[in-house]
Amino acid sequence: MRDVEEKMERFVAQVRGVRRAAELVLLEGPPSVVEALYGVVRAAADLAEVVRRMVRDAHAEDTSRKAEDIVLAAEREHLLYQAVKALRAAAAEVLGDSGIRL
């Protein structure tokens, strides 16, 4: 159960990052930033799918997919991290030398 709780904590932190990133796009970001945000949203949804299953399985004390899901969650967490980096890069390109840090 501790493994699942740790995954949930990391996931919640990632979701907070997604929300912060979405706030940038709400400022009428250009298509490149909007597209990058969609990448973040898709990656977050893919990770959420695995985390939800891990939580359900943990509550049901079903360990049949635990090892597989740990690996899959780590892969999807990395993809989400990469998507957030891409969003920051797209936003930074638009912001240029404005002095605003992401």
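Residues numbered from 1 in each chain as written. Predicted model: local features only at pLDDT ≥ 70, side-chain atom pairs only at ≥ 80, totals over all residues. Heavy atoms only, no water.

**Quick notes on helix α3 (residues 66-95)**
Given a rise of 1.5 Å per residue, 30 residues ought to cover 44 Å, and the 43 Å separating the end C-alpha atoms of α3 matches this to within 8%. Every buried residue of α3 is listed here: D69, A73, R76, E77, L80, A83, V84, L87, A90 and A91. After α3 finishes, the residue G96 shows a positive phi value of roughly 60 degrees. (Helix = DSSP H or I, 4+ residues; strand = E, 2+ residues; numbered from the N terminus. Expected span 1.5 Å × (residues − 1). Buried < 20%, exposed > 50% of the residue type's maximum accessible area, 1.4 Å probe, protein only.)

**Topic: the confidence of the model for the chain**
Put simply, the chain has an average pLDDT of 83, and 87% of its residues get 70 or more. When mean pLDDT is compared element by element in the chain, α3 scores highest at 91, while helix α1 (residues 2-25) scores lowest at 73. (pLDDT = per-residue confidence, 0-100.)

**Some points on the packing of helix α2 (residues 31-59) against α3**
Direction vectors running N to C along α2 and α3 enclose 160 degrees, while the axes themselves pass 8 Å from each other. In this view, α2 runs roughly antiparallel relative to α3, as classed from their interaxial angle. Where α2 crosses over α3, the handedness of that crossing is left-handed. Here the contact of α2 with α3 is built from residues that sort into 21 nonpolar, two polar and seven charged. (Axes fitted to C-alpha atoms, helices over the stretch in contact; angles between N-to-C directions. Parallel < 35°, antiparallel > 145°, perpendicular 65-115°, else oblique. Left-handed = near helix turned anticlockwise from the far one by under 90°. Nonpolar A, V, L, I, M, F, W, Y, C, P; charged D, E, K, R; others polar.)

**Examining the side chain of E77**
With respect to the element layout, E77 can be found in helix α3. Each residue touching E77, except ones within four places of it in the same chain, is listed here: K7, R10, Q14 and L47. (Contact = heavy atoms within 4.5 Å.)

**Things to note about unusual backbone geometry**
A positive phi angle, near 55 degrees, is found at E61, a position not held by glycine. Mapped onto the fold, E61 is located in the loop between α2 and α3.

**Considering a positive patch on the surface**
On the surface, R16, R19, R20 and R88 cluster together into a patch of positive charge. Examining the composition of the positive patch, we find that three residues originate from one element, α1, more than from any other. (Patch = residues over 30% accessible without salt bridge, like charges linked within 9 Å, V, L, I, M, F, W, Y side chains within 5 Å. Areas by Shrake-Rupley, 256 points an atom, 1.4 Å probe, with all protein chains shown as cover. Salt bridge = Lys/Arg side-chain N within 4 Å of Asp/Glu carboxyl O. Lys, Arg positive; Asp, Glu negative; His and termini not counted. Charge placed at Lys NZ, Arg CZ, Asp CG, Glu CD.)

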